[in-house]
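Descriptive analysis of the structure
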Amino acid sequence: MKYDAFISYRHLMPDEYVAKKVHKGLETLRIPKKIQKEIGKSRINRVFRDMEELPVGSDLGANIMAALEESEYLIVISSPKTKESYWCNQEVENFVRMHGRDKVLVVLAEGEPYESFPEQLLKDEEGNAVEPFAADFRGTTRKEINKKAKTELVRLAAAILGIDFDDLKQRQKERKTRRNMILALGVAAFAFVFGGFSVYNLARINEEYQQKLVNESKVLAAKSADVLETGDRKTAALIAMEGIPESGERPLVPESLYALSKALGVYDYNTVLSSETVINADYSIKKFCNNATNDIVGILDDNGNVYVWDLKAGEMLYEIQAEYVNGILVPVFDIGITEESSTLVVVSQNGVRGYDLSGSMVYEYTLEQPILEGKVSEYNNCLAIEYAENGVDYYPDTVAVISPEDGKELGVYHNDCPAPYSDVIDFINTGSMVIVGHMQMDGEENYVSVYDTAHEEFNNKNLLIKNDTTISAGFAFTADDVGVIIASAPYETIGDGREISVDLQYYSLAYDNRTWNTTVDYYIQYSNKLDYQIEILGDGKPFEKSLITAGRSIYIVDNATGEIVDQIKSDSLFSDTIVGGDIFAVSTEAGFLRFYIYSEGVKNPFFERKLASNIAQIGMTDTKFITIDGTSPSARIYYSNNTQYFDKTYTVDGYSNDGMSSPDGKYYYIASEEENNSSGRIFTVCKSSNHKKVGEFRADYAYYSGVQFIDNDTIFVPTYDLELIFYSISEDKKEVIKSDIDAKDFGMNVSDNKKYFVLFSYKFADVYDLTTRKKVLHKDFDYDISACTITSAGDYFYLFDDEYRVHKIDTKTGEDELFDLGYGVLELAISPDDSKLILNCDDNKLRVLDAKSKKEKVAFDFVANREGYLKTSPDGKYVFAQSSNNFFRIYDIEKGTIVLLTDAIDSKIRRISFNEETGVLAVSTVADMYLLDMKSVGLLAYVPSGRFYINGTNQIITGSNSNIYVFNYMDAEELKKEARKRYGDSQLSEEQRLIFGIENE
C-alpha cells in the first residue's frame, strides 16, 4: 500500500484541527526499537489528508479514489457535522467497499458517538448494531485536545501497526525514560569535552540551525501561497512576513520575497479590484447582505447562523446562532441591513427580528402562525412575509409587508386568487409597492398580485399572466407610467439544462392594462432566483429600460415598447447583477465579474476580471466588493486599490505581446500586433534610461522565437515570409534579406552568441553568418529534418531526423556524421562554449554529452516531449528545462543533481535571460514572467503580463494591449515597507498561528 492511512474529515473546526493533529502525530510518532524488530516496520510511513473541500454532489475525483485504493486504513474524524458531509460519507462508503469496515478507525472530535459516527459504521451488512474502533480527542480547548492526543495517538498507531495498545504505551514510556537518561549523560559528557571541540560544534550547531530557519521560511512561503489561493491576501502577506528577517535573525530566502510580492500584488498593473481577505462561516454561505453606505455586512449560512462583520475594521461584530425548537432547526428565509440605522433584520419561520450593531435585539415581530416564506427588498427598505392564516396549511394565503427599520406592519393582504402565493416576491425601489407571485395549479389561471402600502386609493391588482408558471417579476418605468414586467412559461417546458421560450409581459399600473408582450429565450439550469432577475436600468432618462437576466443571456428592454434593444451573452450562467443608474455589474458562475456602462454600449465590458472559479452572489459596500460561491463557508472580500506600483506607463501602437532588452541594457524593443491585422507586427524601440521611443519599424509575420538583439545596436527579425530583417537603432535603418528558398513549413535557430542562424525545412538547411549577413551553407538531405541547433562557433549544427537520430553537420564541408546513441532525441541544446550537448530523450531521460567524444557526462530523469524548453546557463553549469506538463526544472550538471522543480511557471516558456552580475534569471512565458535568484536557486517574483527584465537594471517591463508599464524590482526592505503601509502593525492572531502551525518567536 502507498499509504498507511487516509484521513477523512470535514473542513471545519474542530474537525480540521484534529485531522492536522492526527496527521502530524502519526507521521512523526517514534516506534520503540524492540517493537520495530517484532513488526518489521520502523515508522508509520505516509498518511493521506486531502487539503481541499469538495463541493456537495461532486465526484470524489481520481486522486481521492486512488488514495483510498492505496490506503490500508481509513481514519474518520467524527463530529455531529460529519453526518451532514456528503463527501465524508462518500469516502467511507467507497473505502468499506474496497477494504471492508474492519479497516476503518474513528476519531471522535466533538459530540457523542451516536450523533457523530457515520451511519455506515454503526451497523454491519445484516443491519446489526456494531461499535467501531474509536479514539477520543474531544476537548473544550485546544490545550485539552493536545493533552488527550498524547495517549490517543498511541492508540491509533497501535491499531494501524497491529500491536497491543498497552504494550506500545509501556514501551513508549520506557523509551522516553532511556532518552532522558541518555540526554543527562550526554550533557555531562559534552561539558567534559566542550573545551576541545566547542568551536567546531558551535559552528555545526549554528549551521544546522540556519538551515532549519531556511526550511521554515520556505514552508511559510508555501503556506502563504496556499492562503492566497483562497483570496485572503492580507493573511497571505502576514504569513510571508514571518519568513523575512527583521534584523538578520534568519537567512533571507527568495521564496519569501516571491510569496510576499505576490500577496501584495506589487507587480500588478491592474489594482482596481484586488482580493484582500476571506471571512468564514461555520457552514456554506447561503447569502450575504450589505449596507451600501458603510462596510457592515451580514452573512447567512446554510444552517441558519447569521454573522455581522465590520469590513473596515476587519472584525466580526456579533453572531446569531441558529435556532432550534424541540430539536428541529428553524429555517431562516432572508436577511437584510437597513440603510439608515444599519439594523440587521432576520426573517425566519418564527418571526422577524431586528438587531443593532452591538447585537442587541431592537424589535421582534411574531405571529401565531409559522412564516412560510419571506424576502427583504434589495433596497433594504421593505420586507414581505407569507403565511397561512389558519396556521395549519403549508400554502400561504396572507402577505404582510413590514418595515425593517422598526418591525412595524405596513400592510396585510389576503389572497383572493385561486392559487396560493409563491416565492416570487419583488419590491419597487421606494419600498412602497410589492409584487407577489402565485403557485402553478393545474387547471387554474395564473396571476401576479401587486400591493401598495403607501396609497390607500390604490386598488390592489391581480394581473392575469399568459402562462401557468411565473419565473420572475419586477417593477418598470416609462416616461409617464409605472408598471410591472412578468416573465412566465408553460410549466411542462421548464427543466434543468433547457433553453425555453419565455413570455415577457408589461402591465401598466397607471392605466390598468397590458401594453406589450415579447418572447425571448431563457436558459433554465436550476431554480436559483438570482439567475432570473428583472432590474430597473437608467439610461440617461429616468429608468425607462429594464435589465432582464435569463440564464446565459441578459436582455435590455425598452419599457415603453417591449423592444429588445441590447443583449449580452455568456457561455456560463449569469449568477447575479448590481445596477446603479446606467452602470451595472454582472457575475457568472464561471467566476467572471464584468462592469458595463449602458450609455457607452454593451458589446464589451469596460472592466472584466476572473475573480474565482465560481460566483453565486456579488455585492458592494462603501469601500469593498464581496463575492460568495454558494458552496463554501467563505466570502471573499476585495478592495479597490488605486495605488500605482509601476514607475512609468506609456502606450505603443497595436497590442503588445513580446519584447527584449539589449545585452548592455541601453535599449529595448516592444513587439506588438497591429490592430485589425493579425499578421502585422510593429517593433517600438525605446531608450532604457527614460523609456522614450527612439525608433520604430514593421516586420510582418515576425517569427517571435527567433527575434534577437544580435549586438547592442542591431535587432534581428526572421519572418514567416522567409525574410531576414536587420534593424540598426543608431541609424534607424532596416535592411531586408530575402531567402532564396521556397518552403511553407520550416524552423529556425539562432546560436547562443547570436552570430549564426540556421533556417531549415524537411529536406534542407541554410546557415547564415549574422555578422556578414551572408549565407555560408546550403545543405540538402535525403531524409526529413525535425529540428536544428547551431554552435556559437558556427562550425557545426546538429539536427535530428524523422527517426529521432542525431546528425552533426560540418558547415564548411557539409559532412554529415550520424550519432549511434541507442535512444531517440526529441530536443537538443548546445552549451555556450559548444562543449556540451543537452538531449531530451525518448526514454524520459535528459542527457548531457561531451560534444567531442559523445560520451555521456550525466543523465537526469525527465518527461520526454517535443513541446518543452531547453537551454543552458551562460557558464554551462546549469540546464534550464520545461517539460510538456509545464514543470520547470534546473539541473546542476557538475553535481548531477536537480536544484529546482516547480509547477509555478504554468505557461509555455518563450525565452530565458540571465544577468550574471545580479544572479537574476528572468523566465518569460507567453503570458507572464518569473524572476529567480540563481545564487540560492529559488523563485523571487511573479510578474503578471511581464515581458522582460532590462539587463543591468532593476527595471521590469510589463504590458497589456497597447499599454506598457515600467516597474522597479522591490527588495526585502521595500516589500516590508509596503506591507506595513497597507496593514500597519497587524500580526497573525494566536488562532491563526495554531491553524497554520506557526510558532511564536
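Residues numbered from 1 in each chain as written. Predicted model: local features only at pLDDT ≥ 70, side-chain atom pairs only at ≥ 80, totals over all residues. Heavy atoms only, no water.

A few words on the sheet that holds strand E23 (residues 447–452). Reading across the sheet, the four strands line up as E21-E22-E23-E24 and stay open at both edges, with antiparallel pairing between neighbours. Here the strands that pair on one side only, and so sit at the sheet edges, are strand E21 (421–427) and strand E24 (461–464). Each adjacent strand pair in this sheet contributes to an overall mean axis angle of 25°, direction not counted. (Pairing = 2+ DSSP bridges. Helix = DSSP H or I, 4+ residues; strand = E, 2+ residues; numbered from the N terminus. Axes fitted to C-alpha atoms, helices over the stretch in contact; angles between N-to-C directions.)

All right, on to the nonpolar core then. Ranked by size, the top nonpolar core spans 39 residues in total, and within it Leu 260, Leu 264, Tyr 267, Leu 931 and Ile 956 carry the most contacts. It is helix H8 (residues 233–242) that provides the largest number of residues to this core, a total of six residues. Ala 19, Ala 109, Ala 157 and Ala 159 belong to the second largest nonpolar core, which has 31 residues in total. (Core = buried A, V, L, I, M, F, W, Y, C linked by side-chain atoms within 4.5 Å. Buried < 20%, exposed > 50% of the residue type's maximum accessible area, 1.4 Å probe, protein only.)

Let us now look at the pattern of salt bridges. If you walk through the whole model with that rule in mind, you get 33 salt bridges. Across the pair Asp 136 and Lys 148 runs a salt bridge, and its minimum N-O distance is 3.5 Å. Taken as a pair, Asp 136 in strand E5 (residues 134–136) and Lys 148 in helix H6 (residues 142–161) lie far apart in primary sequence, twelve residues in all. Exposure remark for Asp 136: the relative accessible area of 23% places this residue in the partly exposed category. (Salt bridge = Lys/Arg side-chain N within 4 Å of Asp/Glu carboxyl O.)

What follows concerns the packing of aromatic side chains. Here the distance between the centres and the angle between the planes together describe a pair of aromatic rings. Applying the stated rule across the entire model yields 27 aromatic pairs. Between Tyr 506 and Trp 516, the aromatic rings sit 5.7 Å apart at their centres with planes inclined by 15°, giving stacked as the arrangement. Remark: Trp 516 occurs in strand E28 (residues 513–524) and Tyr 506 occurs in strand E27 (residues 498–508); sequence separation between them is ten residues. Exposure remark for Tyr 506: the relative accessible area of 2% places this residue in the buried category. In this structure an aromatic cluster arises from ring pairing among Tyr 267, Tyr 269, Phe 646, Tyr 965 and Phe 967. The lysine or arginine in question, Arg 552, covers the ring of Tyr 523, its NZ or CZ lying 4.0 Å from the ring centre. A cation over an aromatic ring shows up here: Lys 854 above the ring of Phe 819, its NZ or CZ 4.9 Å from the ring centre. (Phe/Tyr/Trp six-rings, centres within 6.5 Å; stacked < 30°, edge-to-face > 60°. Lys NZ or Arg CZ within 6 Å of the ring centre and 35° of its normal.)

So, on to helix H3 (residues 62–69). Taken residue by residue, H3 has Ile 64, Ala 67 and Leu 68 as its buried positions. Looking straight down H3, one finds its buried side chains confined to an arc of 100°; they lie on one side. In this structure, H3 carries Ala 62 and Asn 63 as exposed residues pointing more than 90 degrees from its buried face. On its buried side, H3 packs onto strand E1 (3–8), strand E2 (47–49), strand E3 (71–78) and helix H4 (86–99). (Arc of directions from axis to C-beta. Contact = heavy atoms within 4.5 Å.)

All right, on to the sheet that holds strand E19 (residues 398–402) then. The strand order across the open sheet built from four strands is E17-E18-E19-E20, with neighbouring strands paired in antiparallel fashion. Looking at the sheet topology across the chains shown, the edges are occupied by strand E17 (371–376) and strand E20 (409–414). Taking each pair of neighbouring strands and ignoring which way they run, the sheet shows an average axis angle of 15°. Where strand E18 (residues 383–387) and E19 come together, five bridges link them in antiparallel fashion. Paired with Tyr 387 across the two strands is Thr 398, which belongs to E19.

The next point concerns the domain arrangement of the chain. Here the chain is partitioned into domain 1 (3–163) and domain 2 (323–464). Domain 1 and domain 2 are separated by 46 Å when their C-alpha centres are compared. (Domains from an automatic or database assignment.)

For the structure on display, the rule yields zero disulfides. With no disulfide of its own, Cys 289 has Cys 382 as its nearest cysteine by sulfur position, at a separation of 15 Å. Its relative accessible area of 5% is what places Cys 289 among the buried residues. (Disulfide = S-S within 2.5 Å.)

Residue-level pLDDT values for the chain average 86, and 93% of them are 70 or greater. In the predicted structure, residues 52–58 sits below a pLDDT of 50 and forms nine contacts with residues beyond four places in sequence or in another chain. In this model residues 174–197 is a low-confidence stretch, pLDDT under 50, and it forms three contacts with partners more than four residues away in sequence or in other chains. (pLDDT = per-residue confidence, 0-100.)

Between the first and last C-alpha of H6 there are 27 Å, a value that for 20 residues agrees with the 28 Å anticipated at 1.5 Å per step. For H6, the principal kink sits at Ala 149 and spans about 40°. The complete set of buried residues in H6 reads Arg 142, Ile 145, Ala 149, Glu 152, Leu 153, Val 154, Leu 156, Ala 157, Ala 158, Ala 159, Ile 160 and Leu 161. Just past H6, the residue Gly 162 takes up positive phi, approximately 75°. (Expected span 1.5 Å × (residues − 1). Bend = angle between axes of the 7 residues up to and from the residue.)

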